[in-house]
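Spelled out, the chains give:
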Amino acid sequence: MAVLPGDSGAIRLRIDPVQREGSGRVLASASLEYRDARDGDWWPLVHLPVVHLHPGSVEALVGGIQDLLRGAAPGFAWQSGDGALGLQLGPGEGHGDLLVVEVGMDLSLFLAESSGVPRREGAEAALFRWPVTRASAVGFGDGLRSETGALAAPERDG
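No experiment lies behind these values; they were computed from the predicted model shown.

Thresholds, definitions, all that
- Residues numbered from 1 in each chain as written.
- Predicted model: local features only at pLDDT ≥ 70, side-chain atom pairs only at ≥ 80, totals over all residues.
- Heavy atoms only, no water.
- Helix = DSSP H or I, 4+ residues; strand = E, 2+ residues; numbered from the N terminus.
- Rg over C-alpha atoms; globule rule 2.2 N^0.38 Å.
- Buried < 20%, exposed > 50% of the residue type's maximum accessible area, 1.4 Å probe, protein only.
- Contact = heavy atoms within 4.5 Å.
- Areas by Shrake-Rupley, 256 points an atom, 1.4 Å probe, with all protein chains shown as cover.
- Pairing = 2+ DSSP bridges.
- Axes fitted to C-alpha atoms, helices over the stretch in contact; angles between N-to-C directions.
- pLDDT = per-residue confidence, 0-100.

A word on the overall build of the chain. Within the chain, the secondary structure is distributed over three helices and eight strands. Here the C-alpha radius of gyration of the chain, 16 Å, is about what a compact globule of 158 residues would show, namely 15 Å. For the C-alpha atoms alone, the extent of the chain along its principal axes is close to 55 × 35 × 35 Å. When the 158 residues of the chain are sorted by exposure, 42% land in the buried category. In the chain, once contacts between residues fewer than 6 apart in sequence are set aside, the share between residues at least 24 apart is 49%. Total accessible area computed for the chain in this model is approximately 8300 Å², and 52% of it derives from carbon and sulfur atoms.

The four strands are arranged 1-2-3-4 in an open sheet whose pairing can be described as antiparallel. The strands lining the two open edges of the sheet, one partner per strand, are strand 1 (2-5) and strand 4 (42-53). For this sheet, the mean angle separating the axes of adjacent strands, direction not counted, is 15 degrees. Bridge count for strand 2 (residues 11-20) against strand 3 (residues 26-35) is nine bridges, and the pairing is antiparallel. Looking at strand 3, one finds that leucine 13 is bridged to leucine 32. Along the sheet face, helix 3 (residues 134-150) touches strand 1, strand 2 and strand 3 and points at about 165 degrees away from the line of strand 1.

Before going further, it helps to spend a moment on the confidence of the model for the chain. The pLDDT averaged across the chain works out to 92; a share of 97% of its residues lies at or above 70. Model confidence for the chain, summarised as mean pLDDT per element, is weakest for helix 2 (residues 108-115) at 86 and strongest for strand 1 at 98.

So this is what it looks like as structure tokens:
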């Protein structure tokens, strides 16, 4: 799992790569979670059971983080292949040396598949924002790259 925690330790984005398909696309789940101070466990606020990561999208996300941190880009935006998950990362004005992440979760694909209603992209979307440390951003990118890289390629019939 790859996590992008807020600087307060109370909220985080969690992405769990689950399976690599023959096309190279990765199926993952994504959650926005909060930490319960009573027991120290993390609990989902919003959970997307399936997110599609197209080939090269993890590398683009990691590359965007690296460009931002070395000053080659003022920020970046990234979106999963199915549009269900998006994030922007940039400098946090008024947050000192922290970055600000904005996580968008579009529930329309999940709702269309689970309830049978037509997909209305963006109609059931939620946006969350919190400050993150630079080290957390690096750890998130490294964790996502490591987790997706560890997924075995599917066996081919033949």
